[in-house]
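# Chain and residue survey
Chain by chain, the residues:
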Amino acid sequence: QAIPHPAVTYRVAPAEASGIATGSVDLMLVAQALHWFDFDRFYTEVRRVARPDGILAALTYGLLEVDGKIDPVLARFYTETVGSYWPPERKWVDAGYATLPFPFEAIVPPSLTMEAEWTFPQLLGYLGTWSAVKEYRRRNGTDPLALIRDALQDAWGESESAKKIAWPIRMRIGRVGKKP
């Protein structure tokens, strides 16, 4: 929840029709959402609200990484078990946003990784939030996590032992005021 600040106005609006004043934004950041937008309408809105030389940064992350024993189990689950249950827009995330339309002058992004320390139950809880897992459950009436729980547990080891979880961040950054 946003902490109220007297100098900030909070509003909710579609990305494609923000209601933000024309030419008033230096930096626009889209985190793990650009693949859901109507690209043409959103980019028109970005051009409208951007100040000269404004920047659009879009970031995404895909499959998490843990270690050499756990990652293959997760990769098979991601692609084979629930792969066909991902929405079509997931292709943009899987490509790290590298293939989505992006009509702005490219800026080379920094290399970033998001990290956490999780136990096995925390990992299972996270996997249960995936839209593909939810769709699998809806269509089949069963939990796909049951299909990998034992193999994942064997690879993990002690349930309460914490492991470093990493999500490489992928970005598209561009200068709005100039054409590529």
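Everything in this summary refers to the structure shown in the same document. Just so you know, these numbers come straight off a predicted model, no measurement behind them.

## Notes on the overall build of the chain
When helices and strands are counted, the chain shows six helices and five strands. Walking the chain from its N terminus toward its C terminus, one meets helices and strands in the order β-α-β-α-α-β-β-α-α-α-β. Across its three principal axes, the chain shows a C-alpha extent of roughly 55 × 35 × 30 Å. Looking at the chain residue by residue over its 180 residues, the buried ones come to 39%. Considering only contacts in the chain between residues 6 or more positions apart, those separated by 24 or more positions represent 82%. As presented, the chain carries roughly 10300 Å² of accessible surface, and 55% of it is formed by carbon and sulfur atoms. A distance of 6 Å separates the average location of the 21 positive side-chain charges in the chain from that of its 21 negative side-chain charges.

## A few points about the environment of I20
Its location among the elements puts I20 in the segment before strand 1 (25-31). Through-space distance from the C-alpha of I20 to that of L123 is 38 Å; in sequence the pair is 103 residues apart. Beyond its immediate sequence surroundings of up to four residues, I20 is in contact with R11, V25, R48 and V49.

## What to know about the nonpolar core
With 27 residues, the main nonpolar core has L64, V82, L127, W130 and L152 as its most contacted residues. Of all elements in the fold, only helix 2 (71-81), helix 4 (120-127), helix 5 (131-140), helix 6 (145-156) and strand 5 (163-175) reach the threshold of two or more residues within this core. One finds F37, L56, V93 and F104 within the second-largest nonpolar core, a separate group that totals 21 residues.

Calculation criteria
Residues numbered from 1 in each chain as written. Predicted model: local features only at pLDDT ≥ 70, side-chain atom pairs only at ≥ 80, totals over all residues. Heavy atoms only, no water. Helix = DSSP H or I, 4+ residues; strand = E, 2+ residues; numbered from the N terminus. Buried < 20%, exposed > 50% of the residue type's maximum accessible area, 1.4 Å probe, protein only. Contact = heavy atoms within 4.5 Å. Areas by Shrake-Rupley, 256 points an atom, 1.4 Å probe, with all protein chains shown as cover. Lys, Arg positive; Asp, Glu negative; His and termini not counted. Charge placed at Lys NZ, Arg CZ, Asp CG, Glu CD. Core = buried A, V, L, I, M, F, W, Y, C linked by side-chain atoms within 4.5 Å.

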